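Chain by chain, the residues run as shown.
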Amino acid sequence: MRLEAKFKWLPTPYRSLLLFAVWLLLNNSVSAGHILLAVTLAVVIPLATSPFRTKQPLIIKPGLAFRHLMLVLYDIITANIQVAILILGPNKKLTPGFVKVPLDLAHNMPITILASTVSLTPGTVSAELYPWRECLAEGKEPEKRFLLIHVLNLEDEQALIKTIKERYEAPLKEIFQC
Amino acid sequence: MIEWIISILLLIGGGFILVGSIGLVKMPDFFMRLHGPTKATTLGMALLLIAAMIFFSTIQAGLSVKEILISLFLLLTAPISGYMMIKSAIHHKLDSIERTTGKDNIEDDV
């Protein structure tokens, strides 16, 4: 895991890239003036706001991050079709349930991404992160964290936990190296 | 030809949004209701936006790519609003239907 970027003047390289792309998309043009303005904004905004932010782990393997993004987009499409079938089918067949998934990730940023992907993919919505922040002593990090998720149609609890851990959590651990 | 593609995308997108709304009405408890709007609607909106992208790219000169940004913001905000709703539902101890399994996984809040 790495918190500090390689260059001091570029604290969050991929966020700068995102800002650059967003500026060009918003203006819908690639003229020289807009590119120059986009570069300036992409460098100045992260620099100006970095003192306000808590340091988050940086992406170490961008190639893997892109592959993971594609996998998640594909899963969102299949998830939508599955959920549509479940919704249109009879209610009696559905067996909803709450499942607690033990997490290996320890940092807020990767856990947020994991919780969001879980919410967007097949029949699951992330509900809560345990242990409660308020229960911990000031500044103390919990040893083991759990993610509570609600499942629309629970068939095999262990298989579901295994899928989430292998398909979504393991790549995130690789990407952030933590 | 392009008109056909746009119409088909609009129909499928509208269909997904409709299914999401049906889920909102049909499901028996709050937690199950949440599944329709958080998922089916995101893909529906994405399809509508792709249709808009193709439409505006053909009637104007040059590409129209702003719609990608709208899909991106939707993908970012849908899980967060879903999470806030389910968190407050758990806090208010809303009833879930009888056959819900693993209810003892919910810890009491402080």
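Anything mentioned here points back to the structure above.
Residues numbered from 1 in each chain as written. Chains lettered and ligands numbered in written order. Predicted model: local features only at pLDDT ≥ 70, side-chain atom pairs only at ≥ 80, totals over all residues.

Structural notes on the overall build of chain A
Alright, step 1. Counting its regular elements, chain A contains 5 helices and 3 strands.
Alright, step 2. Taken from N to C terminus, the helices and strands of chain A fall in the order α-α-α-β-α-β-β-α.
Alright, step 3. Summarising its shape, the C-alpha atoms of chain A cover approximately 60 × 45 × 25 Å along the three principal directions.
Alright, step 4. Split into buried and exposed, the 178 residues of chain A put 28% on the buried side. (Helix = DSSP H or I, 4+ residues; strand = E, 2+ residues; numbered from the N terminus. Buried ≥ 20, exposed ≤ 12 C-beta atoms within 10 Å, placed from the backbone.)

A few points about helix H3 (residues 35–59) of chain B
Since there are 3.6 residues in each turn of an α-helix, residues three or four apart along the chain are aligned in direction.
Alright, step 1. Spanning 25 residues, H3 of chain B covers 37 Å between terminal C-alpha atoms, matching the ideal 36 Å at 1.5 Å per step.
Alright, step 2. At threonine 41 of chain B, H3 of chain B shows its largest kink, close to 30 degrees. (Expected span 1.5 Å × (residues − 1). Bend = angle between axes of the 7 residues up to and from the residue.)

A few points about the packing of helix H4 (residues 108–120) of chain A against helix H5 (residues 157–176) of chain A
All names here are of chain A.
Alright, step 1. With their axes 10 Å apart at the nearest point, H4 and H5 run at an angle of 150 degrees to one another. Our classification of the angle between H4 and H5 gives roughly antiparallel. For the element pair H4 and H5, the recorded crossing hand is right-handed. Contacts from Pro110, Ile113, Leu114, Thr117 and Val118 in H4 reach Ile164, Tyr168, Glu169, Leu172 and Phe176 in H5.
Alright, step 2. Considering only residue class, the contact of H4 with H5 consists of 8 nonpolar, 1 polar and 1 charged. (Axes fitted to C-alpha atoms, helices over the stretch in contact; angles between N-to-C directions. Parallel < 35°, antiparallel > 145°, perpendicular 65-115°, else oblique. Left-handed = near helix turned anticlockwise from the far one by under 90°. Contact = placed C-beta atoms within 7 Å. Nonpolar A, V, L, I, M, F, W, Y, C, P; charged D, E, K, R; others polar.)

Let's talk about helix H1 (residues 2–26) of chain B
Alright, step 1. In this model H1 of chain B runs 36 Å from its N-terminal to its C-terminal C-alpha over 25 residues, within 8% of the 36 Å that 1.5 Å per residue would give.
Alright, step 2. Among all positions in H1 of chain B, only Leu9, Gly13, Phe16, Val19, Gly20 and Gly23 of chain B are buried.

Details of the sheet that holds strand S2 (residues 124–130) of chain A
Two strands in a sheet stick together by hydrogen bonds in their backbones, pointing the same way (parallel) or opposite ways (antiparallel).
Alright, step 1. Here 3 strands make up an open sheet; going across it, the order is S1-S3-S2 (chain A) and the pairing antiparallel. The open sheet has two edge strands with one neighbour each: strand S1 (97–103) and S2 of chain A. Mean inter-strand twist for the sheet, computed between neighbouring axes without regard to direction, equals 30 degrees.
Alright, step 2. In this structure, S2 of chain A lies alongside strand S3 (residues 145–151) of chain A, joined through 6 bridges in antiparallel fashion. Residue pairing for S3 of chain A: serine 126 of chain A is matched across the bridge by isoleucine 149 of chain A.
Alright, step 3. Sitting on the sheet, H4 of chain A is in contact with S1, S2 and S3 of chain A, with an inclination near 150 degrees to S2 of chain A.
Alright, step 4. Contacting S2 and S3 of chain A, helix H4 (residues 66–91) of chain B crosses the sheet at an angle of about 60 degrees to S2 of chain A. (Pairing = 2+ DSSP bridges.)

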